[in-house]
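Single-letter residue listing:
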Amino acid sequence: MTPTPSLPEPALPEPLTPGRYRVAMVCLGNICRSPVADVVMSARVAEAGLDEVVEVFSAGTADYHVGKGMDPRSAQTLTAAGYDATRHRAQQFDHAWHDEVDLILVMDHANHADVTAGRERARVRLFRDFDPVDAGGEVPDPYYGGEEGFGEVLDMVERTSAHLVGLLADVVGR
C-alpha cells in the first residue's frame, strides 16, 4: 500500500513521571480491537527492552464485556500470528485515567468522543494517527464482519505498534 499524504504526525505527550510511560488502548467493548493492540504493543515493548518502563493495557468505553476474554476470532488471529491472547480480561475505561495515563489511544472517532466527552484531550489520540502507511484513519471494528477483518486489524496494529515503540523509546530516554 502506498503511503497516503497526511498531516504531520502528532507528538507523544510528555510522560507524567519522567522515564516511565503508561499507554491505554481503547475501543467500544474491549474484546476485539483494543485487546489486539494491547497484546501486540506489549510484545513490541518487551522486544525493545522497554517493558520495565512502558506499561500497556486496554479498555472499552462500554461495559458490555467486563471480565470476559477477547472475542474468539481476535484471540485466534493473535494466536495464529504467535501472540499470547490468553491473559486478556475486558475492563471499562475510567475517566480518572486522564490524570494517570500518559497516552490514550482510541480506535475510532466514536471512541474518541466517548473518552473526551467534557474532558481534557491533550493525551488522547487516534491509534492510527501513528500508522506509517495510512495515518489518521480509524481501526475498523471487525466484530460484525468476516474473518478477514480480524487479519486486517492485526496488520494495522502491527505496523503502527512497531512505529510507536520507536517514538516511546525516545520519550522515555532509551
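Quantities reported herein were computed from a predicted structural model and do not represent experimental measurements. (Residues numbered from 1 in each chain as written. Predicted model: local features only at pLDDT ≥ 70, side-chain atom pairs only at ≥ 80, totals over all residues. Heavy atoms only, no water.)

## Digging into the layout of surface pockets
Formally: Only protein atoms enter the 1 Å grid, on which a cavity is a set of points fitting a 1.4 Å probe that cannot get out and a pocket is an open set with protein on both sides within 12 Å along at least 5 of 7 lines, lining residues being those with an atom within 4 Å of a point. Grid points are joined across faces, edges and corners, and a volume is the space filled by probe spheres set on the points. Any residue outside Ala, Val, Leu, Ile, Met, Phe, Trp, Tyr, Cys, Pro, Asp, Glu, Lys and Arg is labelled polar, Gly included; the first ten of those are nonpolar and the last four are charged.
When its volume is computed, the largest pocket comes out at roughly 170 Å³. Forming the walls of the largest pocket are Cys-27, Leu-28, Gly-29, Asn-30, Ile-31, Cys-32, Arg-33, Tyr-64, His-65, Asp-141, Tyr-143 and Tyr-144. Taken together, the residues that form the lining of the largest pocket break down as seven nonpolar, three polar and two charged.

## Thoughts on a negative patch on the surface
Rules: Residues with no salt bridge and a relative accessible area higher than 30% make up the patches, which join like charges within 9 Å and nonpolar side chains (Val, Leu, Ile, Met, Phe, Trp, Tyr) within 5 Å. Exposure was quantified through the Shrake-Rupley algorithm and a 1.4 Å probe, taking into account, for residues, occlusion by the shown protein chains and nothing else. What counts as a salt bridge is simple: a side-chain nitrogen of Lys or Arg found within 4 Å of a carboxyl oxygen of Asp or Glu. By the counting scheme adopted, Arg and Lys are positive, Glu and Asp are negative, and His together with the chain ends is not counted. Every charge is mapped to an atom, namely NZ of Lys, CZ of Arg, CG of Asp or CD of Glu. Secondary structure follows DSSP: runs of H or I at least 4 residues long count as helices, runs of E at least 2 residues long count as strands, and numbering of each begins at the N terminus.
Taken together, the side chains of Glu-147, Glu-148, Glu-152 and Asp-155 make up a negatively charged region of the molecular surface. As for its placement among the helices and strands, Glu-152 is situated in helix H4 (residues 147–171).

## A closer look at the sheet that holds strand S3 (residues 103–106)
To be explicit about the condition: DSSP calls a pair of strands paired once it identifies at least 2 bridges connecting them. Here, axes are lines fitted to C-alpha atoms. For helices the fit covers the stretch in contact, and angles between N-to-C directions go from 0 to 180 degrees.
The strand order across the open sheet formed by four strands is S2-S1-S3-S4, and the pairing between neighbours is parallel. Across the chains shown, the open sheet's two edge strands, defined by having one partner strand only, are strand S2 (54–60) and strand S4 (124–126). Neighbouring strand axes in the sheet, compared pairwise and without regard to direction, differ in orientation by 25 degrees on average. As paired strands, S3 and S4 are joined by three bridges and run parallel to one another. Counted as the bridge partner of Ile-104 is Val-124 from S4.

## As for the environment of Val-36
Defined as follows: Contact between two residues is taken to exist if any of their heavy atoms lie within 4.5 Å; hydrogens are not considered.
Locating Val-36 in the fold gives a position in helix H1 (residues 33–47). Along the backbone, Val-36 and Met-107 are 71 residues apart, and their C-alpha atoms lie at a distance of 11 Å. Residue contacts for Val-36: discarding those within four places in its chain leaves Ser-74, Leu-78, Val-153, Leu-154 and Val-157.

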